[in-house]
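Topology and contacts: notes
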Amino acid sequence: MSDTPATTTPPTPPAPPAAAVGAGHARAPAKPPRLARPQQGRVVAGVAAGLGWRLGVDPVLVRIAFAVLAFAGGAGLVLYGVLWATIPPAAEAPPRRRPATGQQAVALALIVLGVLLLLRAVGVWFGDQVVGPIVLLAAGSAVLWTRADTDDRAAWSHLTGHAPGDALRRAAAAPTSPLRIVAGTALVALAIAGALATTGSLGGAQELIIVLLTALAGLGLLFGPWLWRLIDQLGAERRERVRQEERAELAAHLHDSVLQTLALIQRSSDDPKRMVALARRQERELRTWLYGATATGTAMTLTEAVQGITEEVEAIHGLTIEVVVVGETALDEHVWALLAAIREACVNVAKHSGTDRADVFVEVQDDQVVAFIRDRGRGFDPDSVPGDRAGIRGSIVERVERHGGRAALHTELDAGTEVEVTVPRPGPPTTHVSDRATTTPGGHRP
Amino acid sequence: MSRAIRVFLVDDHALFRAGVIAELGTKVTIVGDAGDVDAAIQGIRATRPDVVLLDVHMPGGGGRAVLEAIRETHPDVRFLALSVSDAAEDVIQVIRAGARGYVTKTISSEELVRAIVRVHQGDAVFSPRLAGFVLDAFAGELPPGVDGTDPELDQLTTREKEVLRHIARGYTYREVAGRLHISIKTVETHVSAVLRKLQLSNRHELTAWAAGRDLL
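Cut-offs used in this document
Residues numbered from 1 in each chain as written. Chains lettered and ligands numbered in written order. Predicted model: local features only at pLDDT ≥ 70, side-chain atom pairs only at ≥ 80, totals over all residues. Heavy atoms only, no water. Contact = heavy atoms within 4.5 Å. Buried area = accessible area lost by both parts, 1.4 Å probe. Salt bridge = Lys/Arg side-chain N within 4 Å of Asp/Glu carboxyl O. Polar contact = N/O pair within 3.5 Å; in protein donor to acceptor, adjacent residues only side chain to side chain. Phe/Tyr/Trp six-rings, centres within 6.5 Å; stacked < 30°, edge-to-face > 60°. Lys NZ or Arg CZ within 6 Å of the ring centre and 35° of its normal. Core = buried A, V, L, I, M, F, W, Y, C linked by side-chain atoms within 4.5 Å. Buried < 20%, exposed > 50% of the residue type's maximum accessible area, 1.4 Å probe, protein only. Helix = DSSP H or I, 4+ residues; strand = E, 2+ residues; numbered from the N terminus. Pairing = 2+ DSSP bridges. Axes fitted to C-alpha atoms, helices over the stretch in contact; angles between N-to-C directions. Expected span 1.5 Å × (residues − 1). Arc of directions from axis to C-beta. pLDDT = per-residue confidence, 0-100. Parallel < 35°, antiparallel > 145°, perpendicular 65-115°, else oblique. Nonpolar A, V, L, I, M, F, W, Y, C, P; charged D, E, K, R; others polar.

**Details of the interface of chain B and chain A**
Across the boundary between the two partners, chain B contributes 26 residues, which contact 26 residues of chain A. In this assembly, chain B packs against chain A so that about 2300 Å² is buried in total across both faces, 45% of it on carbon and sulfur atoms. At the boundary of chain B and chain A, one finds 5 salt bridges. As a salt-bridge pair, Arg129 of chain B and Glu322 of chain A come within 3.6 Å of each other at their nearest N and O atoms. Summed over the shared surface of chain B and chain A, the result is 9 residue pairs in polar contact (both at pLDDT 80 or more).

**Notes on the packing of aromatic side chains**
With the rule as written, the count across this model stands at 4 aromatic pairs over all chains. An aromatic cluster of three or more residues is present, and its members are Phe66, Tyr80 and Trp84 of chain A. The residue whose ring lies beneath Arg374 of chain A is Tyr171 of chain B, and the NZ or CZ to ring-centre distance is 3.6 Å. One Lys or Arg, Lys105 of chain B, reaches over the ring of Phe16 of chain B and ends 4.0 Å from the middle of that ring.

**Topic: the nonpolar core**
With 55 residues, the main nonpolar core has Ile44, Val66, Phe79, Phe126 and Val134 of chain B as its most contacted residues. In terms of residue count, helix α6 (residues 128–138) of chain B provides more of this core than any other element does, 7 residues in total. When residues no more than four places from it in sequence are discounted, the contact partners of Phe126 of chain B are Tyr102, Ala131, Val134, Leu164, Ile167, Tyr173, Val191, Val194 and Leu195 of chain B. Core analysis: the next-biggest nonpolar cluster, separate from the first, contains 34 residues, Met300, Ala305, Ile309 and Val421 of chain A among them.

**Overview of the environment of Gly62 of chain B**
Structurally, Gly62 of chain B is set in helix α3 (residues 62–73). Ignoring any residue separated from it by four or fewer positions in sequence, one finds Gly62 of chain B in contact with Val37 and Val56 of chain B.

**Focus on the sheet that holds strand β3 (residues 368–375) of chain A**
All names here are of chain A. Taken in spatial order, the 5 strands line up as β1-β2-β3-β5-β4 in an open sheet, and their pairing is mixed. Every interior strand has two partners, whereas the edge strands, β1 (320–326) and β4 (406–412), have only one. On average, each strand axis in the sheet is inclined to that of its neighbour by 10°, with strand direction left out of account. Pairing of β3 with strand β5 (residues 416–424), which is carried by 8 bridges, proceeds in the antiparallel orientation. In the strand pairing of β5, Phe372 is matched with Glu420. Helix α14 (residues 333–353) contacts β1, β2 (357–364), β3 and β5 of the sheet and is inclined by roughly 5° relative to β3.

**Remarks on helix α5 (residues 75–86) of chain A**
Residues and elements named next belong to chain A. Taking 1.5 Å of rise per residue, the 12 residues of α5 would be expected to cover 16 Å, and the 17 Å separating its terminal C-alpha atoms lies within 8% of that figure. For α5, the full list of buried residues reads Gly76, Tyr80 and Leu83. Along α5, the residues classed as buried sweep out an arc of 70° about the axis, all on the same side. Exposed residues pointing more than 90 degrees away from the buried face of α5 are listed as Leu77, Val78, Ala85 and Thr86.

**Notes on the environment of Leu77 of chain A**
Residues and elements named next belong to chain A. Turning to its location among the elements, Leu77 is positioned in helix α5. Residue classification places Leu77 among the exposed residues on the basis of a relative accessible area of 62%. Along the chain, Leu77 and Phe66 lie 11 residues apart, while their C-alpha atoms are 7.1 Å from each other.

**Some details on the sheet that holds strand β2 (residues 29–34) of chain B**
All names here are of chain B. Reading across the sheet, the 6 strands line up as β2-β1-β3-β4-β5-β6 and stay open at both edges, with parallel pairing between neighbours. Strand pairing shows two members of the sheet lacking a second neighbour, β2 and β6 (125–126), which therefore form its edges. One ladder, built from 5 bridges, connects strand β1 (residues 6–10) with β2; its direction is parallel. By the bridge assignment for β2, Phe8 is matched with Gly32.

**Focus on the confidence of the model for chain B**
Residues and elements named next belong to chain B. Chain-level pLDDT for chain B is 83 on average; 85% of the residues reach the 70-or-more range. Here helix α11 (residues 207–213) is the element of chain B with the lowest mean pLDDT, 46, and β1 is the one with the highest, 94. Contacts for the low-pLDDT stretch residues 206–216, under 50 throughout, to residues beyond four places or in other chains number 22 contacts. This prediction of the complex comes with two scores: 0.51 for pTM and 0.79 for ipTM.

**Some remarks on the packing of helix α4 (residues 59–70) of chain A against α5 of chain A**
Residues and elements named next belong to chain A. Closest axis-to-axis distance for the α4/α5 pair is 5 Å, and the angle between their directions is 130°. Between α4 and α5, the angle falls in the class oblique. Counted together, Phe66, Leu69 and Ala70 of α4 and Ala75, Gly76, Leu77, Leu79, Tyr80 and Leu83 of α5 form the full contact between these two elements. Considered class by class, the residues forming the contact of α4 with α5 number 8 nonpolar, 1 polar and no charged.

Okay, here's the thing in structure tokens:
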């Protein structure tokens, strides 16, 4: 029985937000705050928090008072239930708090003591040997873990929004003065001793268990609130870290997209058309990223599309690509397959050729669109590396073949590589494109 | 050999001029440079260079204004247009005004020297981009209502197109010659013929072509 105080003594509440503290300071003299059960800083239903804020004492003291009264024949529990039912829940904003003072705390303690004596006289009582130590425990805990001084509390709530390392240090140093620690610990020790003394009549084995449990309860009282505070601080720290990671991710994305585009725009200040194309592409990309939806109405020209793709590869892989586009055509799925193949071929140049330059030539012919991607790199012997070039087969050859096109690879050791890709040209809107797919043999190659 | 070529540099970006002078200074003789149209015209008339490296876009009328002014007084001065990235119309206009070639600023300094030598010898210099522009300009049929005064000038031969496509793909004249089994001289003849057609044919005046570039 004597171990119950450890579990019923509520821990220190999470700190109220700094804004509420400030508001309390500013307006408390004019109008006392309304009694309500706040959403923030509550442990069970917010009764203690609301009362504490209304009366101007630390809610922890109120909780301790309820706990002590609970042992007076369950009076505390009944009182809590009644108050829970009658006090309305607070609106969104936390209630304004009266500044906590030592006087209010002492007054509350005396009231509780008075009520206890009254209940004892009436006979609603568990017995002196139980309530006595509990009152001592409660007093010790109150001395240890509450702070009447508002400066301390302001600092306490202040730190929730600040440097995590600093917060940790403050939490560790939570009990304010050595005097309090000594007095609080003495009271708790006295309570444990009293509890043990009252159980002296019990049997040996039972006694040992009770001694251990009581010691554990005392330890919990001494260090429980501190641990709670520490865990709370670690949580705050983790939230702060998550926020910082989100920021870093945002910065990285902006760097990869917007800053890169701005750099490209500066480089192409001579060419208004290209600047517009770049800006439009970036806008689309940013919109997609922000709202998670692909923008509609992307009326891009073939030239813009090819430039967009090559600029992306240039930016990512540090390749310089000379782009020549002859003719224009609508962008259908076949042409997009061609564009994807161009991108893949350019990436291959960046990865494998050993050079930092490539030429891309795209020509719209009568019935097909042809693209050449050429580098002057080291080239390779196509027969000697069958496995390594699966990427070309999969992402270039097969991709365009699915779209009725074809791809060819011309390479020679130390003479560079040229990829030739052809897809059928989109017909006029009335013509079905796939009809043309079979009529595209024979390029213009010599 | 190239050291004897006297080069004048026209570009409105001072940093770019400084860069080109630093890169070419030991390979050709830079006789002067200018940052705007008037200074360029005066400087070229005063120094009488062999080759002028000319920026397409410049305040005060662009490279074309310089070309037209100099051609009246010094028709023997040769021009090579040099630019970052321009609209096809502007480049074609500069070529039609008399420039012997067009290269982009991404060109390596060795290639730029080769291009200067080639222009100095009276040959045409086609960068991949210019080849693309020209192919574009000569693509398709003449729109009705525009009479081609000389059908010869109004279209490219199959061989010329073949050469231009290879240049657009990034092949050098030498590589084009090897791939088409012709001599370098023949390649040069083809591109010079293309340049002549570009300058004399009236099909590039066609608004239809310029409009066609922007079809959406």
